[in-house]
Every structure is written in structure tokens, then in C-alpha cells.
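Summary of structural features
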Amino acid sequence: MSVESFFNNRSRQYSRNCDTGAWGWVKRGERAEIIGALNPQARDRVLDLGCGDGYYSGLLFNKYGCKLMAIDSSAPMLDELSAQHPGIQNIQMDCQKLPKLGVFDKILAAGVLEFVESPGKVFQKCDLNLSEKGKVVLLVPRPGWIGFLYKIIHKFSGCPVYLRSMDEYKGLAQANGFCVKKIRGRLLLSVVLELERQ
């Protein structure tokens, strides 16, 4: 099974699963850290890479008044986004192949990089689309046994996961003109990285 098929099959229940039970508790913690890192302001231009059904896009659009461009490779996920948040512009596309879509104040890639073979391409596309004083916020799996468990769970569903160390992410950032401004590591399963231009 491909990454796209994995998420296509989960599109109808994805947001509901993110709001309930133990997984909902995890997602609420991630959401708080991501919002803290993004510091969204009304009229911010935000590019949401791997937006899924709009879990973060909807929040940024509806609660904070940001101008969103949402990108995902899964058509069923984008159908869910359009149904729930019709005012959000979205495009079906692999974020590794993203052209220049505009100049964005903030770029969010939450739960994306572990599903791409070539994360360097995603960093290049962030560089192409980010404003000079903009910020990139990443949510990636925590290294170590937690990340390994995350990978095994997805492997049983036929979905490949690529785990990388914090040093690898720092190296990718630096190779593409970014520096890691802050690492927010208080989450059980994930780490949030704030990047800015060097």
C-alpha cells in the first residue's frame, strides 16, 4: 500500500479520530505546540503541506483568520477539507513537486516529512515559497523507540515511514538556507521544529 492509499482509506474518519480518546489527547497536545510555534495572526498567508482533511487548515482559517493554501496528494482528504471548510483554497499535489504558488508568511508541514522519501525536496519547496522573514513549522515523529513503534504500526498497515534524527533534520534545514530556531519536545510522540531563514 502507498502512503496516498493509506490516507485515502482513512479520509472519512480522520478528523473524528483526532478528536476522541487517547489519540485525541495526543492531537490536542500537538495542536497546542504547533499553534504556539506558528503564532498565527489574522491575514497571515499560510501554506499547509500535507493538510489532510484540514485539521490544522480549518483551525487557522476559522479561528485565527489566516489566508490558507492547503496541499495534499490525497483527493479524498481534500474532498473532506472542501466539505468542512469551503473557503480554503486547496490543491492536490505531492509536496515534493510543489511549484512556486506565492509568497507565504508561514509554512506548516505537520506529519508530512516521515512519509516522503526525499525530504530535501520539501525543504527546497519551502525555500521557494516562503517570505524573507517567514517561518516554517514542522511536526515530526520523536526519535528512538517511540518513533520505531510509530513506524511498525504503519508498516502493518502497508504504509512506509521514514524516520530521521534531529541532526538529519537540522542538516536538511541548513542545506536549504534555514536554521532551527527552536525545538519543542514536550510531546509524547512528536517534536515540533521552528525554522527561519539563515
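One can find the structure itself at the top, above this paragraph.
In what follows, the accompanying structure is described. (Residues numbered from 1 in each chain as written. Predicted model: local features only at pLDDT ≥ 70, side-chain atom pairs only at ≥ 80, totals over all residues. Heavy atoms only, no water.)

1. Considerations on unusual backbone geometry
Put simply, the rule reads: Helix numbering and strand numbering both begin at the N terminus, where a helix is a DSSP run of H or I of at least 4 residues and a strand a DSSP run of E of at least 2.
Unusually for a residue other than glycine, Asn 39 sits at a positive phi of about 50°. A positive phi angle, near 80°, is found at Arg 43, a position not held by glycine. In this fold, Arg 43 is placed in the loop between α3 (21-38) and β1 (45-49).

2. Topic: the nonpolar core
What counts is decided by this rule: In this text, buried Ala, Val, Leu, Ile, Met, Phe, Trp, Tyr and Cys residues form a nonpolar core when linked through side-chain atoms within 4.5 Å. Each residue is placed in one exposure class: buried if its accessible area under a 1.4 Å probe, protein chains only, is under 20% of its type's maximum, exposed if it is over 50%, and partly exposed if it falls in between.
Grouped together as the largest cluster of nonpolar side chains are 26 residues, with contacts concentrated most on Leu 49 and Leu 138. Where this core is concerned, the elements lending two or more residues are β1, β2 (67-72), β4 (104-110), α6 (119-129), β5 (130-141), α8 (166-175) and β7 (190-197). With 4 residues, the top contributor of residues to this core is β5. If you look at the next biggest cluster of nonpolar residues, it comprises 21 residues, including Cys 51, Leu 81, Leu 108 and Leu 139.

3. Some points on the packing of α6 against α8
As a reminder of what qualifies: Angles run from 0 to 180 degrees between N-to-C directions of axes, and those axes are lines fitted to C-alpha atoms, restricted for helices to the stretch in contact. Roughly parallel refers to an angle under 35 degrees, roughly antiparallel to one over 145, roughly perpendicular to one between 65 and 115, and oblique to any angle outside these ranges. Note: crossing handedness is left-handed where the near helix turns anticlockwise from the far helix by less than a right angle, and right-handed where it turns clockwise. Residue contacts are counted whenever heavy atoms from the two residues lie within 4.5 Å of one another.
At a minimum axis distance of 9 Å, the contact between α6 and α8 shows a crossing angle of 40°. The orientation of α6 relative to α8 falls into the category oblique. The interaxial crossing formed by α6 with α8 has right-handed handedness. Of the residues in α8, those touching α6 at Pro 119, Gly 120 and Phe 123 are Tyr 169, Leu 172 and Ala 173.

4. Quick notes on a nonpolar patch on the surface
Going by this rule: In this analysis, a patch consists of residues with relative accessible area above 30% that form no salt bridge, clustered at 9 Å for like charges and at 5 Å for the nonpolar side chains Val, Leu, Ile, Met, Phe, Trp and Tyr. Accessible surface area values rest on a Shrake-Rupley calculation with a 1.4 Å probe, where residue burial reflects the displayed protein chains alone. What makes a salt bridge here is a side-chain nitrogen of Lys or Arg within 4 Å of a carboxyl oxygen of Asp or Glu, nothing more.
A surface patch of nonpolar side chains, about 370 Å² in accessible area, is lined by Trp 145, Leu 149 and Ile 153. On the secondary structure map, Trp 145 appears in helix α7 (residues 145-156).

5. Some words on the pairing of β2
The condition that has to hold: Any two strands between which DSSP finds at least two bridges are classified as paired. A clockwise course of the path from the first strand over the helix to the second, judged with the strands pointing away from the viewer, identifies a crossover as right-handed.
Here β2 lies mainly inside the structure; 5 of its 6 residues are buried. Where β1 and β2 come together, 5 bridges link them in parallel fashion. For Arg 45, the partnering residue across the bridge sits in β2 and is Lys 67. Between the parallel pair β1 and β2, the chain is carried across by helix α4 (residues 55-62), and the sense of this crossover is right-handed. Two strands pair when backbone bridges link them, and β2 and strand β3 (residues 89-92) are joined in this way by 4 bridges, in the parallel orientation. Considered in β3, the bridge of Asp 72 is made with Gln 92. For the segment spanning β2, helix α5 (residues 75-84) and β3, crossover handedness is right-handed.

6. Overview of the pattern of salt bridges
Summed over the entire model, instances satisfying the criterion amount to 6 salt bridges. The closest approach of N and O atoms between Arg 184 and Glu 194, which form a salt bridge, is 2.8 Å. One end of the pair, Arg 184, is in strand β6 (residues 178-184); the other, Glu 194, is in strand β7, and 10 residues separate them in sequence. For the pair formed by Arg 184 and Glu 194, the shared burial category is buried. Put simply, Glu 33, Lys 135, Arg 184 and Glu 194 are held in one network by salt bridges that share partners.

7. As for the side chain of Glu 194
Assessed through its relative accessible area of 4%, Glu 194 is described here as buried. Glu 194 has contacts with Ala 37, Lys 135, Val 136, Cys 179, Val 180, Lys 181, Lys 182 and Arg 184, leaving out every residue within four places of it along the chain.

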